Amino acid sequence: MPHQRRIEGLIADMTLEEKIGQLGAFADALRPFAFEVNPETFARDAEQVREQIRSGRVGALFNGVGAAEGREAQRIAVEESRLGIPLLLGADVIHGMRTVFPIPLGEAASFEPDLAERTARATAKEATAAGIHWTFAPMVDIARDQRWGRVAETSGEDVYLTCEFAAARVRGFQGADLTAPDSLLTTPKHFAAYGAISAGLDYNFVDMAPQTLRDVHLPPFKAAIDAGALTLMSSFNDINGVPASANRELLTDILRGEWKFEGFVVSDYTSDLELVAHGYASDEADAAQKALSAGLDMSLQSGIYAGHVATLVEQGRLTMAEVDEAVRRVLHVKAAVGLFDDPYRCLDAEREADQSHIPVHDALARDCARRSIVLLKNDGDLLPLKKSGQRIALIGPFAQDTANLGGCWNIFGDAARMIDLETGLLAALDDPSALTIVPGSGIEEALDGGIDAAVAAARGADVVLLAVGEPHEFSGEAQSRTQIVLPAPQQALAEAVAATGTPVVVLLRNGRALALEGAVRDAQAILVTWFLGTQTGPAVADVVFGDYSPSARLPVSFPQDAGQQPYFYNHPASGRPNVPGTPRAFQTRWREVTHAALYPFGHGLSYTRFDYGVPQLSTGALGWDDTLTIRTRITNAGTCEGEEVVQLYLRDRTASRVRPVRELKRFRKITLAAGESQDVEFTLTRADVEFHGVDNRPVAEPGLFDLWVAPSSAVGEAVSFELLPR
Ligand code: BGC
């Protein structure tokens, strides 16, 4: 292997300082930088960074943008540093670059991993043209507590759905060839169990059973690695008292030992230094020693490797072999993405200036956005609205708003191209004068006279589109909420508008599942519109006026009440289950609300309706090494074409550990014309019923399983099959 020889040659030639340099990533002070992202420790000036590069003391820069300036930084690394090792240029390119696609949670609602693959591909083209090699994405954490602000960045509460999206996004960002000029190296994050922080409070502790770690939180990382990811980011949290960024079991035993991962692990932003605040390390040097020896290869921004690793080696607290191994992994990745062969890849100013791809990406953004919108309810077929002959009042603080379209982690998005609701709806109407627009309320504060104006507009209209919800800053890092409800002034606006009696369609803006209340919950129709990105207005108009029949499904359960969190459909079975229709005093229940979700995981309507036949199994007794085929007839029983997400769930009836009440195992989105039927076929094998047993090894246990083919996690009739012994 020529690269291996080159890497070993370099390691043999490198001073300890140069080795440590490769293990440090720092904020990119040479290029326009997204300051608002990580403001706290941004303290370097450009000349300092140039000098660092020249002396081989930095291996990667992050969150800068621009091909020309990036090329200059690379030139210094390649031509002026002693060994000429190229820099890796990273950034948080999460759900789009210049063109902003829906937040990952919204895109997951499409239940179309191949769509996520295409948006990731488009994003990679734009990011690599702008001087970026490496993205800190996809986020593959499982989010089961909607109070957490980072739910927006995830694919929701389900393991299988998250795995499918994790793999698709890795394929999309990286493409088929890591050395191609438009391939963007990925960093599945945050390894691991960051989504399980207690009480949904960001950075909080994680207390986790080993089987939950392995059954729920690790599989998406494995899926991403199997799809070709070569770097991972460690998480801020501890797990059972050991911080993830110094967790040998995770970073070495599982990742390298069990999974044979060959890439490198980068810390989260100063998460290595934070071992001190955790009380897991006594000082910076102790933190560097614990992190590096546990398997954390690259330090992001804290500088503690640069500051202490040399002394630690001199003192014998770290071995040169440990340092070499981390350097080897970093250089291996740099080689794998082609930087040694072409250090100037992704640094072409002409390519950056070429905007000819934008129309195609806009069209993709619109299609992705409308495919991400979930229709929760549609009483009396209020939707779709007519493009003429109906007076429509667009009311709410998001009616004319472009500041809250991108969602969290939109740091490079082209603000000028964002299309708001008003613009999108006006463009779709045959008679634009049919639309009246009134904000009615601010996002978090009432507007003087706002409600009166809104009520007047509602009275004068045949239907209200009520654009309410969360601003973008309610989601993202350090944005946990205690009450996942609408801000009070918006709720008051909704109550007043509903009291007019004019039918209301809620256009909900949200970065998490919300607990809908009062007039919002009781509106005739509700569309979940997340943060949809650049093409928000046109996409919402497509759905509102029926140019597109909604096809998205909830990737997170909408609870009845905020106090039910954490609330997720695939929870372990209780000994006193709450069986709808058979009330018992002493059962799993809340006093105030019913146990069922208001809208369960997997739920979503379209403008037509689908009938499900009884699933036909190829056998009721599945042999140990055999394949079970399940065929279900789906019929479009409505009057227009539509798409249905056919979902297959399983339950293990009896096992050596308490198993979830249902788990998604397969899904497929199909398109059917009015009246058309299709047999949808899924196959399962023993691998699909495996879980981690009492010894924490994967096990499949013979016995009975319930199986549903259904339109959501809360409905459908079960059929059963038996897995026969080996
Ligand atoms: C976040 C990461 C992000 C990193 C770099 C951290 O605060 O947790 O998700 O990639 O900053 O910006």
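Our structure's up above, just so we're on the same page.
The numbers attached to residues start from 1 for each chain and follow its sequence in the written order. Given that this is a predicted model, residues contribute local features only at a pLDDT of at least 70 and side-chain atom pairs are listed and counted only at 80 or more, while totals for whole chains, interfaces and linings are drawn from all residues. Values shown for side chains rest on all heavy atoms present in the structure; no hydrogens or waters enter the calculation.

(A) Inspection of the site of the ligand at higher detail. In the vicinity of the ligand lie 13 residues, with D92, R150, H190, D268 and E477 positioned nearest. For this analysis, a polar contact is any N or O atom pair within 3.5 Å, provided that within protein one partner can donate a hydrogen and the other can accept it, and provided that sequence-adjacent residues contribute only side-chain to side-chain pairs. The separation between an oxygen atom of the ligand and a polar side-chain atom of D268 is 2.6 Å. Between the ligand and the protein, one listed contact pairs an oxygen atom with a side-chain N or O atom of E477 at 2.6 Å. Note on areas: Shrake-Rupley with a 1.4 Å probe; residue coverage comes only from the protein chains shown. Burial of the ligand by the surrounding chains reaches 99%, relative to a free accessible area of 310 Å². Definition of nearness: a residue and a molecule or strand are near each other if at least one heavy atom of the residue lies within 4 Å of the molecule or strand.

(B) Layout of the environment of A453. Counting through the fold element by element, A453 comes out in helix 18 (residues 450–459). With a relative accessible area of 35%, A453 lands in the partly exposed category. Expressed as a C-alpha distance, the spacing of A453 and A552, which sit 99 residues apart in the sequence, is 34 Å. Only DSSP runs of H or I reaching four residues or more are called helices, and only runs of E reaching two or more are called strands; each is numbered from the N terminus. Here's how the labels work: a residue is buried when its accessible area is under 20% of the maximum for its type, exposed when over 50%, partly exposed in between, all with a 1.4 Å probe on protein chains only.

(C) Summary view of the packing of helix 12 (residues 284–294) against helix 13 (residues 304–314). Axes, fitted as lines to C-alpha atoms, cover a helix only where it is in contact. Angles between the N-to-C directions of the axes lie from 0 to 180 degrees. It is at 9 Å that the axes of helix 12 and helix 13 come closest, and there the two elements cross at 85°. Judged by the angle between their axes, helix 12 and helix 13 are roughly perpendicular. Between helix 12, through E284, A285, A287, A288, Q289, A291 and L292, and helix 13, the contact on the second element is made entirely by I304, Y305, H308, V309 and L312. Residue composition of the contact of helix 12 with helix 13, grouped by class: 9 nonpolar, 2 polar and 1 charged. With respect to orientation, any angle under 35 degrees is reported as roughly parallel, any angle over 145 as roughly antiparallel, any angle of 65 to 115 as roughly perpendicular, and every other angle as oblique. The contact definition used throughout considers only heavy atoms, calling two residues in contact when any of these lie within 4.5 Å. Polarity classes work like this: nonpolar for Ala, Val, Leu, Ile, Met, Phe, Trp, Tyr, Cys and Pro, charged for Asp, Glu, Lys and Arg, and polar for all others, with Gly in that last group.

(D) Inspection of helix 17 (residues 421–428) at higher detail. Buried within helix 17 are the following residues: L421, G424, L425 and A428. The buried side chains of helix 17 occupy one side of the element, clustering within an arc of 95° when seen end-on. Residues of helix 17 that are buried sit in contact with strand 12 (392–395), strand 13 (435–438), strand 14 (463–469), strand 15 (504–509) and helix 21 (536–544). Directions are taken from the helix axis to each C-beta atom, and the arc is the one they span.

(E) Molecular detail of the sheet that holds strand 3 (residues 88–91). Whether two strands pair comes down to DSSP finding at least two bridges between them. Ordered in space as 4-3-2-1-10, the 5 strands form an open sheet in which the pairing is parallel. Two strands lie at the open edges of the sheet, namely strand 4 (134–135) and strand 10 (299–300), each paired on one side alone. One ladder, built from 3 bridges, connects strand 1 (residues 24–27) with strand 2 (residues 60–62); its direction is parallel. When the sheet's bridge partners are listed, A27 is paired in strand 2 with F62.

(F) Looking closely at the side chain of Q565. As for its placement among the helices and strands, Q565 is situated in the loop between helix 21 and strand 17 (610–612). Among the residues examined, Q565 registers a relative accessible area of 7% and is labelled buried.

(G) Structural context of the pairing of strand 1. Note that strand 1 and strand 10 share 2 bridges and pair parallel. Along strand 10, the bridge assignment pairs A25 with L300.

(H) Focus on the packing of helix 8 (residues 210–217) against helix 9 (residues 219–226). Here helix 8 crosses helix 9 at 40°, and the two axes come no closer than 5 Å. Viewed along their axes, helix 8 and helix 9 adopt a mutual orientation that is oblique. Facing L213, R214, D215, V216 and H217 of helix 8, the residues of helix 9 in contact are P219, P220 and F221.

(I) Quick look at unusual backbone geometry. With an omega of 5°, the peptide bond running from F191 to A192 counts as cis. Structurally, A192 is set in the loop between strand 5 (189–191) and helix 8. If you check the backbone angles, D381 has positive phi at about 50° while not being a glycine. Within the element layout of this structure, D381 appears in the loop between strand 11 (374–378) and strand 12. Within the chain, N696 stands out as a residue other than glycine whose phi angle is a positive 65°. Tracing the backbone through its elements, the reader meets N696 in the loop between strand 24 (691–692) and strand 25 (698–699).

(J) Seen up close, the packing of aromatic side chains. Side-chain rings of Phe, Tyr and Trp, where Trp is taken by its six-membered ring, are said to pair if the distance between their centres is within 6.5 Å; with planes under 30 degrees apart they count as stacked, over 60 as edge-to-face, and otherwise as tilted. Summed over the entire model, instances satisfying the criterion amount to 16 aromatic pairs. Ring geometry for Y567 and W590: centres 6.4 Å apart, planes at 35°, overall tilted. With Y567 in the loop between helix 21 and strand 17 and W590 in the loop between helix 21 and strand 17, this residue pair connects regions lying 23 residues apart in the sequence. Cluster of aromatic residues (ring-pair linked, three or more members): F111, Y160, Y569, F601, Y649 and F667. Note on criteria: charge over ring means Lys NZ or Arg CZ within 6 Å of the ring centre, with the direction from the centre no more than 35 degrees off the ring normal. In this structure, K189 is placed above the aromatic ring of W409, and the distance from its NZ or CZ to the ring centre is 5.3 Å. Positioned above the aromatic ring of Y280, the side-chain terminus of K290 is 5.6 Å from the ring centre.

(K) Molecular detail of the sheet that holds strand 5. Reading across the sheet, the 3 strands line up as 5-6-9 and stay open at both edges, with parallel pairing between neighbours. Whereas interior strands pair on both sides, the edge strands pair on one side only; in this sheet they are strand 5 and strand 9 (264–266). Pairs of neighbouring strands in the sheet enclose a mean axial angle of 50°, with direction left out of account. Pairing of strand 6 (residues 231–234) with strand 9 involves 3 bridges; the strand directions are parallel. Bridging across to strand 9, L232 finds its partner in V265. Docked against the sheet, helix 10 (residues 248–258) engages strand 5, strand 6 and strand 9, running at close to 155° with respect to strand 9.

(L) Main features of the nonpolar core. Of all hydrophobic cores here, the largest spans 172 residues; its most connected members are F191, L250, Y305, I395, L507, W530 and V544. It is helix 14 (residues 320–336) that provides the largest number of residues to this core, a total of 7 residues. In contact with F191, not counting residues within four places along its chain, are L218, F221, L232, M233, S234, S235, A244, L250, L251, L255 and W259. Ranked by size, the runner-up nonpolar core spans 22 residues in total, among them F610, I630, V646 and I670. What is meant by a nonpolar core is a set of buried Ala, Val, Leu, Ile, Met, Phe, Trp, Tyr and Cys residues, joined one to another through side-chain atoms within 4.5 Å.

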